[in-house]
Amino acid sequence: MSLSDTSTPNAESTTVSANSDASVPHTASNATAAPERHLQKTSTTAAAPHLSQSTTLQNDTDTHSQKLQLGYYVPKNVLVGYVMLVTVIIVMIALVTGFAVRSSCSPPTPHPAEGIIASNTSTSTRPDSAALRPRDIRLPLDIFPVHTKLEIRPILSPEFKFVGEVDITFICKNATRVLVLHAKDLAVNESAMGFNAEEGNPVPVLHNWADDPVRQFWKFTFKENLRVGVKYNVSLKFQGKLNDDLRGFYRSKYERDGTTSWIATTQFQPTDARRAFPCFDEPGMKSTFDITIVRPANMISISNMEIIRQDTRADNLVADVYNRTLPMSTYLLAFVVCEFSSKEKLADNGVKVRVWSRPDALNQAEFALDVACQMLVYFETYFGIPFPLTKLDLIAVPDFIAGAMENWGAVVFREVLMLYDNETSPASSKQLIAIVVAHEVAHQWFGNLVTPKWWDTLWLNEGFASFLEYQGVEFAFPSWHMAQQFVVDNLHVTFEPDALTTSHAISLPVYHPDEIGEIFDRISYGKGCSLIRMMRYFLGEETLKKGLKNYLTAFSYSNAEQDDLWRHLTEAGRQDGKYVDIKMVMDSWTLQMGYPVVTITQDHVNKLVKFYQQHFFLDNNATVEADSNDQGHSWHVPVSIITAADRSYDKPKQVWLSKENKTVNELLSSQNEWILANVRETGYYRVNYDERNWKLLITQLNTDRTKIDVINRAQIVDDALSLARAGYLEYGIALSTTEYLVGEQDFLPWVSCLKALEFVDAMMQNSEHYGLLKNYILRQLRPIYIILGWGDSLTEAHIQQLQRVEILHAACYFGHDNCVENAKQIYTRWMSNPEQHKISANLKSVVYCNAIRYGTSDEWDFAWEQYKKSSIAGEKRQFLTALTCSREPWILNRLLEWSLTSQHIRKQDGDLVMSLIAQNAVGRYLTWNFVRDRWSEIRLRYAGVIGGLSHLISGLTRSFNTAFELRELEAFIDDNRDSISIAQRALSQAVEKSKANISWRKRSMSQITRWLENVRK
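Residues numbered from 1 in each chain as written. Predicted model: local features only at pLDDT ≥ 70, side-chain atom pairs only at ≥ 80, totals over all residues. Heavy atoms only, no water.

Below, the discussion takes up the state of the cysteines. Under the criterion given, the structure shown has two disulfides. Covalently, cysteine 812 is tied to cysteine 819 through a disulfide, its sulfur atoms 1.9 Å apart. On the S-S bond that ties cysteine 812 to cysteine 819, the torsion sits near -95°, and the link is left-handed. Both residues of the pair, cysteine 812 and cysteine 819, belong to the buried class. With its sulfur 2.1 Å from that of its partner, cysteine 849 forms a disulfide with cysteine 885. The disulfide joining cysteine 849 to cysteine 885 has a torsion of about -105° about its S-S bond and is therefore left-handed. (Disulfide = S-S within 2.5 Å. Buried < 20%, exposed > 50% of the residue type's maximum accessible area, 1.4 Å probe, protein only.)

The following block contains the structure:
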């Protein structure tokens, strides 16, 4: 799945049966079963053939008549005595009965970790209390699904509900009386419950059933144990609300010719298939599925497989019957009912690829179609495994919680990440769409064909897809230099959150759905793909591919854990003569949070080189206790090195820093020559040097930067500024690495520098010395600003188009007079006649934002009207982003209000608006006050969002650097302790960052001011 900062509300049922048994967690295993044995059918509600008997739940009701009777006097002490005696007898009977029932029942087989998970006995009744978020939410090990037959019918406006029937064949692995299914916000028809067994086996007789909404279970308890090895069947009829929560089975809409067109669509990852139908909703519980979607005759449906037939139903309905799926997890299912149009193309491997969208947007799907066809062939070749389906659908949905979702054979996208318009979409949108399409196609193998057993290794899915997306796009568009862009897009932006004590290991235990949603974050994606990239370089490309192919082949249509991958990669390495214990190396990176800074010093007197690693924190005074996994916050680090005399970038020297400091009795370079470590920044670590080496590198940058690879130029600036931020390096040295940029013309170092300086900018915005920083950055920007100018052309190199936009944004942001004036003039001409004075697609974001930032309400109102009129998703996103650039408090306050209430701002975009206003210097405190005042509404609106509200919280608090702001933040957390579960990790990190920022101000502000004053002279 591709990430996006959006969210959805959550509503829970409150009906809990007193007969509900406690469930225990487990480690799921491969649920793919042997072919079904012959079954005999006798049930009227079951869909599986040849079942022997049927049992239907009976609800006994007794009618009691009450009679008024005359009484007689009983002394009080006698009455009390009788009451006490009766009470004792009842308690004794209950104890004996309870013991007998418990003794006769085989309990669900627990997860091995159950013993270390405490039961939650809190009596809190608050809706978001921890008492309602238990950890024992895993399905028991006793039963596994074999096959599911599902028929579902969405009923759109005005009822907005769905009805369905599900028939699940499951196998009993361990004797048990309890069948547990996941279900959330569904109503079941109790009179239509059916249970069946294989021929020759007794049909289970239902004792009772219970809804456990806290654990999201439906639990069916039978009178006798189920038999081990026997297949059984449960059939249920149910219905639910076709919600607007953007998860489960939900509704979306768009306007067409003045009328509203409705869509029913799905988003199930990670734990929301249970909102659509009762199921075994865990990734390790794979089974096959027969899907039938009942729809109005004037609409179409889309699902994972091809339609094999269409049956006419009463009331002008059609039932689309789909081919049986391959064994798969529930979160990868998809069904869409809509009035979309499609275009298709046959990929070179013979797979039919189709794009679906609103009819008036279909022409914008051509680029995604072409990329998908290329990626299918590329990854089929890369993995050496054929794509196992006959078709691949790409579906652009107006309202979608994530960026995109890799449903097997039916990938769903947010419109802005699939639709590209040649006239209105910038080069950055084209690149982003290519990346997202490549990401989702890569998932068809890594995640769909082989799936992690549980969400604790989510990074295997998302890390590999995030790594492979760059491989695929580099192949399709080599002139885009995606291998270089990976460094600033993934590695650098992940280093910051992973340098917090509140970070997390990429492989970590998760239990409740809220916890699962929180780890769809930069660590799982960015760190995951960066570690895989590091493996690629120390193992070699071909060895990595060989290991991946063997792994995918061994676990096709089933589930795996990270140790399974390590085993196959280690074996592939041995076959190629590379004896690296992958598990030993990678456990040090995946089982603990953070990363090291490797400090290299050369002792020229004693001719020694010392390598020293330590855990890098944003505040170098921070400490954290060692994890229970015994990794000790040290790492097996593959250190690559070149020198001024030996610049072998393709074959650098290799030194393994194996969790210990290292001394080498051989100098790497002479006293007057620099050394450079982490060549092309292939490793997931920062590098620090002695002062002499830093100065030698700075001199090289200033005299002939081309002798240092472009990736390492970007690395030097990012490492230096980050080390200074954390207190490992003086700012005088760090800022000196940026001086050479006055002559830099390459894209990557500029992007790296501007991103690294965002922190200094945020810290100094309210300082009396901020003008010094602005003037220095503008001085460095002037030459490249003149070179690139405003002459945008779509025939230019792609990377130059991206660079121009970055430089113009920076120049205008810091108040470059010519830049601001150009933006205002272009906008004014466009306002006078939008059709005649169209703005270049690449320049729109710069022009819109800065005309609004430096303009009046007239510019803002015009952009708002254009936003409402536009039907192009990418253009609407550009307008919406630009609207947050205003410096008028009343305009920003109005937009904050509209982010929650306006019909023109989709729910998926509301938190983005708040996040962007929070990053506006004028809007920061406006947003902070707004979020605090409207927290109850915001958290309900975005409850359950993948990744929580981390983007909003991070943007809101990123520049907090005073004790007053910290107290306000801590007070907000204390006041909302029972309602912040969806943002718990983000708020903890906000507190840590705020404390680090306060330390930074005390330590660094004077250093930076002195340097800026000196360089001005």
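What follows picks up the thread again.
Once that is clear, we can look at the sheet that holds strand β3 (residues 178–182). Note on sheets: strands pair through backbone hydrogen bonds, and any given pair is parallel or antiparallel. Strand order across the open sheet formed by three strands is β3-β7-β6, with antiparallel pairing between neighbours. Pairing within the sheet leaves two strands with one partner each, and these edge strands are β3 and β6 (206–212). The sheet shows a mean angle of 15° between the axes of neighbouring strands, direction not considered. (Pairing = 2+ DSSP bridges. Helix = DSSP H or I, 4+ residues; strand = E, 2+ residues; numbered from the N terminus. Axes fitted to C-alpha atoms, helices over the stretch in contact; angles between N-to-C directions.)

Time to look at the nonpolar core. In terms of nonpolar packing, the biggest core is built from 324 residues, with Phe220 and Trp790 touching the most fellow members. Residue contributions to this core peak at 13 residues, all from helix α14 (residues 747–764). Leave out the neighbours within four places in its chain, and phenylalanine 220 touches Arg177, Val178, Leu179, Leu181, Met193, Phe195, Leu206, Asn208, Trp209 and Leu236. (Core = buried A, V, L, I, M, F, W, Y, C linked by side-chain atoms within 4.5 Å. Contact = heavy atoms within 4.5 Å.)

So, about the packing of helix α9 (residues 562–575) against helix α10 (residues 582–590). The contact between α9 and α10 brings their axes to 9 Å, and the two run at 140°. If you check the angle between α9 and α10, you find them oblique. The element α9 and its partner α10 pack so that their crossing is right-handed. Here Gln562, Asp563, Trp566, Leu569 and Thr570 of α9 lie close against α10, whose contacting residues are Ile582, Lys583, Met586, Asp587 and Thr590. In terms of residue class, the contact of α9 with α10 is made up of four nonpolar, three polar and three charged. (Parallel < 35°, antiparallel > 145°, perpendicular 65-115°, else oblique. Left-handed = near helix turned anticlockwise from the far one by under 90°. Nonpolar A, V, L, I, M, F, W, Y, C, P; charged D, E, K, R; others polar.)

Within the secondary structure, valine 913 sits in helix α22 (residues 907–918). Remark: the alpha-carbon pair of valine 913 and leucine 896, spanning 17 residues in sequence, is separated by 7.3 Å. Every residue in contact with valine 913, bar those within four places of it in the chain, is listed here: Leu880, Thr884, Leu895, Ser899 and Ile905.

It is worth spelling out the packing of aromatic side chains at this point. Applying the stated rule across the entire model yields 55 aromatic pairs. Centroid distance phenylalanine 616 to tyrosine 728: 5.0 Å. Interplanar angle 25°. Geometry classified as stacked. Of this pair, phenylalanine 616 sits in the loop between β24 (608–615) and β25 (636–643) while tyrosine 728 sits in the loop between α12 (710–726) and α13 (731–736), and the two are 112 residues apart along the sequence. On the basis of relative accessible area, phenylalanine 616 is assigned to the buried category, the value being 1%. For tyrosine 728, a relative accessible area of 17% translates into the label buried. Both rings, one in tryptophan 928 and one in phenylalanine 960, keep their centres 5.4 Å apart while their planes meet at 75°; by these two values the pair is edge-to-face. With a gap of 32 residues between them, tryptophan 928 in helix α23 (residues 924–933) and phenylalanine 960 in the loop between α25 (950–957) and α26 (963–975) connect regions that are remote in the sequence. Its guanidinium or amino end placed over the ring of tyrosine 867, lysine 876 lies 4.1 Å from that ring's centre, counting from NZ or CZ. (Phe/Tyr/Trp six-rings, centres within 6.5 Å; stacked < 30°, edge-to-face > 60°. Lys NZ or Arg CZ within 6 Å of the ring centre and 35° of its normal.)

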